[in-house]
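Okay, here's what each chain looks like letter by letter:
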Amino acid sequence: MRATIGYTLESIGYVVGAQGLVSFASRTFFGTEWGWLHKIVDLPPAAYLGITAAGLALVAAGVRTRRTPGPRELA
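Values in this document were obtained by computation on a predicted structure and should not be read as measured data.

*Asks:* What am I meant to see in the packing of aromatic side chains here?
*Replies:* The geometry of an aromatic ring pair comes down to the distance between the two centres and the angle between the two planes. Counted under the stated rule, the structure contains two aromatic pairs. Residues Phe24 and Phe29 carry aromatic rings whose centres are separated by 6.4 Å and whose planes lie at 85° to one another, so their mutual orientation is edge-to-face. According to the relative accessible area criterion, Phe24 is buried, its value standing at 18%.

The following block contains the structure:
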């Protein structure tokens, strides 16, 4: 179960991080809107970097969660 939760957090983190990065890059460098995040919220480009950081934090939490051995794995 722990591995399933870890993979789920990691997958969500990849999607959130990618959307934040794409939204930041598109608004900063091209002046357009890419991805689906801008359809939900309208944020300044710096806030999209925060969303990218939140996605990376979810990825890190997911990796840490699935690598932590449970009580049954130690025996």
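So that's the structure; there's more coming.
*Asks:* Hey, could you run me through the pattern of salt bridges in this one?
*Replies:* Where charged atoms from two side chains of opposite charge come close, those side chains can pair. Under the counting rule described, the total for this entry stands at two salt bridges. Arg27 is the partner of Glu33 in a salt bridge, and the nearest nitrogen-oxygen pair spans 3.2 Å. With relative accessibility at 33%, the residue Glu33 sits in the partly exposed group. When its relative accessible area of 27% is taken as the criterion, Arg27 is described as partly exposed.

Rules used throughout
- Residues numbered from 1 in each chain as written.
- Predicted model: local features only at pLDDT ≥ 70, side-chain atom pairs only at ≥ 80, totals over all residues.
- Heavy atoms only, no water.
- Phe/Tyr/Trp six-rings, centres within 6.5 Å; stacked < 30°, edge-to-face > 60°.
- Buried < 20%, exposed > 50% of the residue type's maximum accessible area, 1.4 Å probe, protein only.
- Salt bridge = Lys/Arg side-chain N within 4 Å of Asp/Glu carboxyl O.

Taken by themselves, the reported measurements are silent on function.
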